[in-house]
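Coordinates in review
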There are 2 protein chains.
Amino acid sequence: MDVRRLVGSNLRRYRKAAGLSQEELAHQARLDRTYVSGMERGIRNPTVLVLQDLASVLDIRAADLLIEQDEVGN
Amino acid sequence: MDVRRLVGSNLRRYRKAAGLSQEELAHQARLDRTYVSGMERGIRNPTVLVLQDLASVLDIRAADLLIEQDEVGN
């Protein structure tokens, strides 16, 4: 899977699990909502610092955004 | 730990384990050697596509570059 789509599907899943809207997540991570929307659609190519900012809002590890769903737990 | 320094120390460890020089890794990942050198020193802010390119050369997951050494194995 293209790593951008992987990050996007993971971001959406963790965001929903945290009960946040794209707007709320973007605001807390100091990003534009359209950037978060683009990331979830797999069309953005975020840097590791963006992953770190989103991960700290979602209380996960930046690595978690890059782990395939069926690999979760390893 | 700053995520850029985490990626840098992981990159260096996996590169050495693969027996590659910075030059060889950069060439295979279609990156400039100075970019790989800067990444290993924690002063670059790579995108997920760069992580993916490096990971495929090193035969690891992109996520492995973001996992803290003491977390390896989970």
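Residues numbered from 1 in each chain as written. Chains lettered and ligands numbered in written order. Predicted model: local features only at pLDDT ≥ 70, side-chain atom pairs only at ≥ 80, totals over all residues. Heavy atoms only, no water.

1. Quick word on helix α4 (residues 48-58) of chain B
Put simply, the rule is: When a residue's accessible area, from a 1.4 Å probe over protein chains only, is under 20% of the maximum for its type it is buried; when over 50% it is exposed; and in between it is partly exposed. Every helix listed is a DSSP run of H or I at least four residues long, and every strand listed is a run of E at least two residues long, numbered separately from the N terminus. By construction, the arc corresponds to the directions joining the helix axis to the C-beta atoms. In this analysis, two residues are considered to be in contact whenever any of their non-hydrogen atoms come within 4.5 Å of each other.
Every buried residue belonging to α4 of chain B is among Val48, Val50, Leu51, Leu54, Ala55 and Leu58 of chain B, and all of these are buried. For α4 of chain B, the buried positions fall inside an angular range of 155° around the axis, keeping them on one side. Considering only its buried residues, α4 of chain B is in contact with α1 (3-17) and α4 (48-58) of chain A together with α1 (3-17), α2 (22-28) and α3 (33-40) of chain B.

2. Remarks on the interface of chain A and chain B
The following threshold applies: Two parts placed together each lose some accessible area under a 1.4 Å probe, and adding up what both lose gives the buried area. We define a salt bridge as a side-chain nitrogen of Lys or Arg found within 4 Å of a carboxyl oxygen belonging to Asp or Glu. Any pair of nitrogen or oxygen atoms within 3.5 Å is treated as a polar contact; in protein, a donor-acceptor pairing is required on top of that, and neighbouring residues in sequence qualify only through side-chain atoms on both sides.
In this assembly, 18 residues from chain A lie in contact with 18 residues from chain B. Taking both partners together, chain A and chain B bury about 1,600 Å²; carbon and sulfur atoms supply 68% of that area. Here chain A is connected to chain B by zero salt bridges. Linking chain A to chain B there are eight residue pairs in polar contact (both at pLDDT 80 or more).

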